[in-house]
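Structural features, examined
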Amino acid sequence: MINDNTTIPLKQGDTLLWECEYTNDAGSAVDLTNYTIKCQARDSYNLDTILFDLSIGSGITVHTPLEGKFRIEIDDTTTFKEGNYKIDIQYSIDNIIKSSETFTLIIEKDITK
């Protein structure tokens, strides 16, 4: 479970691959059939600096919509700069918008090239 204290390390050049499930407050899966999903990573110290900006069809794939399951994937992270980035995932349908907790992605220098 993601919360405001969650940190996820990622080495430059490694594939970012997260399997996700959207559930409601009762813990039941949400049918994502008609949802829009977005995910952004912004520099922790300068929120105007965006590391990535993803949406369905561009880094986000809803593979099992009735079970609320989707994937966030970025194959090439070689240009990601070291640092801490704040991330959340936004879900919207009709005029309803909800966001995940904000969590931190830590980009670390890759040693093995």
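Rules and cut-offs
- Residues numbered from 1 in each chain as written.
- Predicted model: local features only at pLDDT ≥ 70, side-chain atom pairs only at ≥ 80, totals over all residues.
- Heavy atoms only, no water.
- Helix = DSSP H or I, 4+ residues; strand = E, 2+ residues; numbered from the N terminus.
- Rg over C-alpha atoms; globule rule 2.2 N^0.38 Å.
- Buried < 20%, exposed > 50% of the residue type's maximum accessible area, 1.4 Å probe, protein only.
- Contact = heavy atoms within 4.5 Å.
- Areas by Shrake-Rupley, 256 points an atom, 1.4 Å probe, with all protein chains shown as cover.
- Lys, Arg positive; Asp, Glu negative; His and termini not counted.
- Charge placed at Lys NZ, Arg CZ, Asp CG, Glu CD.
- Salt bridge = Lys/Arg side-chain N within 4 Å of Asp/Glu carboxyl O.
- Phe/Tyr/Trp six-rings, centres within 6.5 Å; stacked < 30°, edge-to-face > 60°.
- Polar contact = N/O pair within 3.5 Å; in protein donor to acceptor, adjacent residues only side chain to side chain.

Quick notes on the overall build of the protein chain
Helix and strand counts for the protein chain stand at zero helices and nine strands. For the protein chain, the C-alpha radius of gyration of 14 Å lies close to 13 Å, the compact-globule estimate for 113 residues. Reported as C-alpha extents along the three principal axes, the dimensions of the protein chain are approximately 40 × 25 × 25 Å. In the protein chain, which comprises 113 residues, the share counted as buried stands at 30%. Put simply, 61% of the contacts in the protein chain that link residues at least 6 apart link residues at least 24 apart. As displayed, the protein chain has an accessible area near 7,100 Å², and 46% of this comes from carbon and sulfur atoms. Side chains of the protein chain carry 10 positive and 19 negative charges; the gap between the two charge centres is 5 Å.

Some details on unusual backbone geometry
A positive phi is found at aspartate 94, a non-glycine position, where the angle reads about 50 degrees. With respect to the helices, strands and loops of the structure, aspartate 94 is situated in the loop between β7 (83–93) and β8 (96–99).

What to know about the pattern of salt bridges
According to the stated counting rule, one finds three salt bridges in the structure shown. The partner of arginine 71 in a salt bridge is glutamate 19, and the shortest N-O contact between them spans 2.5 Å. Of this pair, arginine 71 sits in strand β6 (residues 69–74) while glutamate 19 sits in strand β2 (residues 16–21), and the two are 52 residues apart along the sequence. Among the residues examined, arginine 71 registers a relative accessible area of 25% and is labelled partly exposed. Between glutamate 67 and lysine 69 there is a salt bridge, with the nearest N and O atoms lying 3.5 Å from each other. For lysine 69, a relative accessible area of 30% translates into the label partly exposed.

A look at the packing of aromatic side chains
Scanning the entire structure with this criterion turns up five aromatic pairs. Centroid distance tyrosine 22 to tyrosine 35: 5.9 Å. Interplanar angle 70 degrees. Geometry classified as edge-to-face. Placement of the pair is tyrosine 22 in the loop between β2 and β3 (36–43) and tyrosine 35 in the loop between β2 and β3, with a sequence separation of 13 residues. Taking relative accessible area as the criterion, tyrosine 22 reaches 12% and is therefore assigned buried. Where phenylalanine 70 meets tyrosine 91, the ring centres are 5.9 Å apart and the plane angle is 75 degrees; that geometry is what we call edge-to-face. Placement of phenylalanine 70 in strand β6 and of tyrosine 91 in strand β7 is noted, with a sequence separation of 21 residues between them.

Considerations on the side chain of threonine 77
Looking at the secondary structure, you find threonine 77 in the loop between β6 and β7. There is a polar contact of 2.6 Å between the side chain of threonine 77 and the backbone oxygen of aspartate 14. Other than its neighbours up to four places away in sequence, threonine 77 contacts Leu10, Lys11, Gln12, Gly13, Asp14 and Leu16.

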